[in-house]
Amino acid sequence: MDKNSVVEKYERGIKRVVITAEEIQAAIKEAGKKISDSYDGKPILLVSILKGAFVFMADFCRAITVPCEIGFMCAKSYYEGTVSSGVVKITMDLDKDISNYHVVIVEDIVDTGRTLNDIVKMLKSRNPLSVRVVTLLDKPERRLVDFKPDIALFTIPDYFVIGYGLDCAEMYRNLPYIAEFNQEA
Ligand code: 5GP
């Protein structure tokens, strides 16, 4: 493929902007204040699940105005033969004991809810002081398990989104906004 057709294909993938960069930043400021107010003076560990949440984590942690620590994990879930729960395989784990922390999971999107359901269970088994989930996006229509994030910055209908850390085949993560992906591209 020549350079022009690569760029054309890439641009065709962006159907329309659904959440602008400004809207994202305003919602992050508000959510950061909520977390800062409710955990003030307590030991907080923000935990992000790579890769999708890395952009959100970078902005969200800077909206937290109280002391906090940051950790990253990589996890893959397998749901063979079951729709409601799976096995989470940790491909990169946190590098510390979380028993003295209030854990705040910082996630990009909750879709069926299975991944986070499993991750929350797994982190709770390590006996942290508490576990809460902040997600940038929530698609409740798609839920397959009974899972509700504590804070969802935006609720969206059932369409595939890209940008602001979210990918399609590893592309589009660097878009500063959230867009609907054009499935025909
Ligand atoms: P689930 O909640 O179904 O277990 O999975 C959540 C994961 O599926 C997210 O962390 C994300 O990687 C992926 N995902 C779900 N919906 C979308 C979407 O609309 N766009 C993108 N790029 N990824 C999605």
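Rules used throughout
- Residues numbered from 1 in each chain as written.
- Predicted model: local features only at pLDDT ≥ 70, side-chain atom pairs only at ≥ 80, totals over all residues.
- Heavy atoms only, no water.
- Buried < 20%, exposed > 50% of the residue type's maximum accessible area, 1.4 Å probe, protein only.
- Helix = DSSP H or I, 4+ residues; strand = E, 2+ residues; numbered from the N terminus.
- Pairing = 2+ DSSP bridges.
- Near = heavy atom within 4 Å.
- Polar contact = N/O pair within 3.5 Å; in protein donor to acceptor, adjacent residues only side chain to side chain.
- Areas by Shrake-Rupley, 256 points an atom, 1.4 Å probe, with all protein chains shown as cover.
- Contact = heavy atoms within 4.5 Å.
- 1 Å grid on protein atoms, 1.4 Å probe; cavity = no way out; pocket = protein on both sides within 12 Å on 5 of 7 lines; lining within 4 Å.
- Points joined across faces, edges and corners; volume = space filled by probe spheres on them.
- Nonpolar A, V, L, I, M, F, W, Y, C, P; charged D, E, K, R; others polar.
- Axes fitted to C-alpha atoms, helices over the stretch in contact; angles between N-to-C directions.
- Parallel < 35°, antiparallel > 145°, perpendicular 65-115°, else oblique.
- Left-handed = near helix turned anticlockwise from the far one by under 90°.
- Salt bridge = Lys/Arg side-chain N within 4 Å of Asp/Glu carboxyl O.

Student: I'd like a description of the pairing of strand 2 (residues 44-50), backed by residues and values.
Tutor: Taken across its 7 residues, strand 2 has 6 buried, putting it largely inside the fold. Two strands pair when backbone bridges link them, and strand 2 and strand 5 (residues 102-110) are joined in this way by 5 bridges, in the parallel orientation. Within strand 5, the position partnered with I44 by the bridge is H102.

Student: Describe the site of the ligand, with residues and values.
Tutor: Around the ligand lies a shell of 15 residues, among which T112, T115, K139, V161 and D167 are the nearest. At 3.1 Å from an oxygen atom of the ligand is found a side-chain nitrogen or oxygen belonging to D108. V161 has a polar backbone atom sitting 2.7 Å from a nitrogen atom of the ligand. If the ligand stood free it would expose 510 Å²; the protein chains cover 81% of that surface.

Student: Can you lay out the side chain of E180 for me, pointing to particular residues and giving the numbers?
Tutor: With respect to the helices, strands and loops of the structure, E180 is situated in strand 9 (residues 178-181). Reaching out from E180, the side chain makes a polar contact with the side chain of R16 at a distance of 2.8 Å. With near-sequence residues (within four places) excluded, E180 lies in contact with G13, I14, K15, R16, V18, Y159, F160 and V161.

Student: Residues and numbers for the layout of surface pockets, please.
Tutor: Once rolled over the atoms, a probe with the size of a water molecule shows which space is left empty. One number sums up the size of the largest pocket: a volume of about 810 Å³. What lines the largest pocket is a set of 27 residues, and nearest its centre among them are L50, E107, D108, I109 and T115. Those elements that place two or more of their residues in the lining of the largest pocket are strand 2, strand 3 (69-78), strand 5 and helix 4 (114-124). Its boundaries defined by the atoms lining it, the second largest pocket holds a volume of some 180 Å³. In terms of lining residues, the second largest pocket is bounded by 10 residues, among which K9, Y10, C168, M171 and Y172 are the most central. Counting residues per element, the lining of the second largest pocket draws most heavily on helix 1 (residues 3-12), at 3 residues. Class assignment of the residues belonging to the lining of the second largest pocket gives a composition of 9 nonpolar, no polar and 1 charged.

Student: Which residues make up the packing of helix 2 (residues 21-39) against helix 3 (residues 54-61), and what values go with them?
Tutor: Two elements in contact, helix 2 and helix 3, have axes whose closest approach is 9 Å; the angle formed by their N-to-C orientations is 60 degrees. Taken together, the axis directions place helix 2 and helix 3 in an arrangement best described as oblique. The hand of the helix 2/helix 3 crossing is right-handed. Mapping the contact onto sequence places Q25, I28, A31, G32 and I35 in helix 2 and F56, D59 and F60 in helix 3. Across the contact of helix 2 with helix 3, the residue classes break down as 5 nonpolar, 2 polar and 1 charged.

Student: With reference to specific residues and values, describe the pattern of salt bridges.
Tutor: Note on pairing: side chains with opposite charge can pair once their charged atoms come close. On inspection of all chains with the given rule, the structure shows 13 salt bridges. In this structure, K15 engages E180 in a salt bridge whose closest nitrogen and oxygen atoms are separated by 3.6 Å. Taken as a pair, K15 in strand 1 (residues 14-19) and E180 in strand 9 lie far apart in primary sequence, 165 residues in all. Look at E180 and you get buried, because its relative accessible area is 11%. Between R143 and D138 there is a salt bridge, with its nearest N and O atoms 2.8 Å apart. Take R143 and D138: they sit in the same class, and that class is buried. Counted as one network, the salt bridges with shared partners bring together K51, D167, E170 and R173.

All quantities given are derived from atomic positions and should not be read as evidence of function.
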